[in-house]
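Fold and contact review
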Amino acid sequence: MSASSIGVILAIAGVILFSAKAVMVKLAYGYGVDHLSLLLFRMLFAFPFYLAIAIYTKPTKDDKIVYKDYLWLFLFGFLGYYLASLFDFMGIQFIKAGLERIILFIYPTLVVLLSWLFFNKGLSRKQFWAILITYFGVLITFWDEIGISGETVYWGGFLIFLSALTYAGYLVGSGWLIPKFGVLRFTSYAMIVSTICIIIHYSIVSDFNLFSYPREVYFLGLAMAIFSTLLPSFMVSEAIKRLGASTFSIFGSLGPVSTIVLAFFFLDERITFVQIFGMLVVIFGVTLVSRKKRRS
């Protein structure tokens, strides 16, 4: 099997596994666990693996990493892994898993907007219209869901949007820092920072009653840690290495589709034709933005 064929398989598997996270979160909520405890389980189960990676890829004398770089890494770990995950787990309590993935999928447009606002990177007319098309698709999907699920969708949608925004901010800000550490080391350090933040958050607002949930909650937390956090992160990294970022981005549109399919089978979620149309509009708009971004 060729390297590109393996890359395609890894890309598809990685995107689908990442997309399964929302379904597992919704399944876990059915057993009465709160969002913070579930997020803590996910991070604690993944923590030993990322700690091992951090130790294995520890800095050498040749690395040109200064103290200030670690402060920036802490900030981006807090922003991109702690806050983004927290907003996501909070928001998905109020909306469908499929709608959550559609809203999260707009993060490339937010990357373009943040780069334009804070780093004076050009925003072309084509990018502007592509972003408008994307948000029009979200509006179509979101508006139709309000009539089905009620006004709690507003709050859930807002929280998921904050998750996409904080993750986009992490991507915009950390781009210069990742090459200094390397992808594996940077990701493991950022995940360790996120885990520490979640433990501190949990210790402030909860009483560490972590052993009173049904066993299914722990199984789902472990499954999220391994199958929707650890494995896909390596799969995606390897797929990008084999295919290139441009080719890999083509497979990104599988995210919303795979979440909707998985939610249909495992959560019995139904999606209307209007929402399918809105999803296709979002995918089209994000694809336009990504293509323009690669050419610029």
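As a starting point, this report considers the structure included with it.

**Side note on the overall build of the chain**
Looking only at helices and strands, the chain has 13 helices and zero strands in total. Starting at the N terminus and ending at the C terminus, the chain contains elements arranged as α-α-α-α-α-α-α-α-α-α-α-α-α. For 296 residues, the compact-globule estimate of 2.2 N^0.38 gives 19 Å, and the chain sits close to it at 19 Å. Along the first, second and third principal axes, the C-alpha atoms of the chain reach 55 × 55 × 45 Å. For the chain, the residues scored as buried account for 49% of the 296 residues in total. Of all intrachain contacts in the chain linking residues separated by at least 6 positions in sequence, the fraction that spans at least 24 positions is 87%. Carbon and sulfur atoms make up 71% of the accessible area of the chain, which totals about 15000 Å².

**Here's the deal with the nonpolar core**
Val33 and Leu38 are the most contacted members of the largest nonpolar core, which totals 54 residues. Of all the secondary-structure elements, those providing two or more residues to this core are α1 (3–29), α2 (35–56), α3 (67–91), α7 (152–174), α9 (183–205) and α10 (215–243). Element by element, the count of residues in this core is highest for α2, at ten residues. Sequence-distant contacts of leucine 38, that is, excluding residues within four places in its chain, are made with Val25, Ala28, Tyr29, Val33, Phe89 and Met224.

**With respect to the pattern of salt bridges**
Taken as a whole, this structure holds five salt bridges when the rule is applied. In this structure, glutamate 238 and arginine 242 form a salt bridge, with 3.0 Å as the shortest nitrogen-oxygen distance. Placement of both glutamate 238 and arginine 242 in helix α10 is noted, with a separation of four residues, approximately one turn of the helix. According to the relative accessible area criterion, glutamate 238 is partly exposed, its value standing at 28%. What makes arginine 242 partly exposed here is its relative accessible area of 34%. A salt bridge links aspartate 268 to arginine 270; the shortest N-O distance between them is 2.5 Å. Salt bridges sharing common partners tie together Lys21, Asp88 and Glu100.

About the criteria used
- Residues numbered from 1 in each chain as written.
- Predicted model: local features only at pLDDT ≥ 70, side-chain atom pairs only at ≥ 80, totals over all residues.
- Heavy atoms only, no water.
- Helix = DSSP H or I, 4+ residues; strand = E, 2+ residues; numbered from the N terminus.
- Rg over C-alpha atoms; globule rule 2.2 N^0.38 Å.
- Buried < 20%, exposed > 50% of the residue type's maximum accessible area, 1.4 Å probe, protein only.
- Contact = heavy atoms within 4.5 Å.
- Areas by Shrake-Rupley, 256 points an atom, 1.4 Å probe, with all protein chains shown as cover.
- Core = buried A, V, L, I, M, F, W, Y, C linked by side-chain atoms within 4.5 Å.
- Salt bridge = Lys/Arg side-chain N within 4 Å of Asp/Glu carboxyl O.

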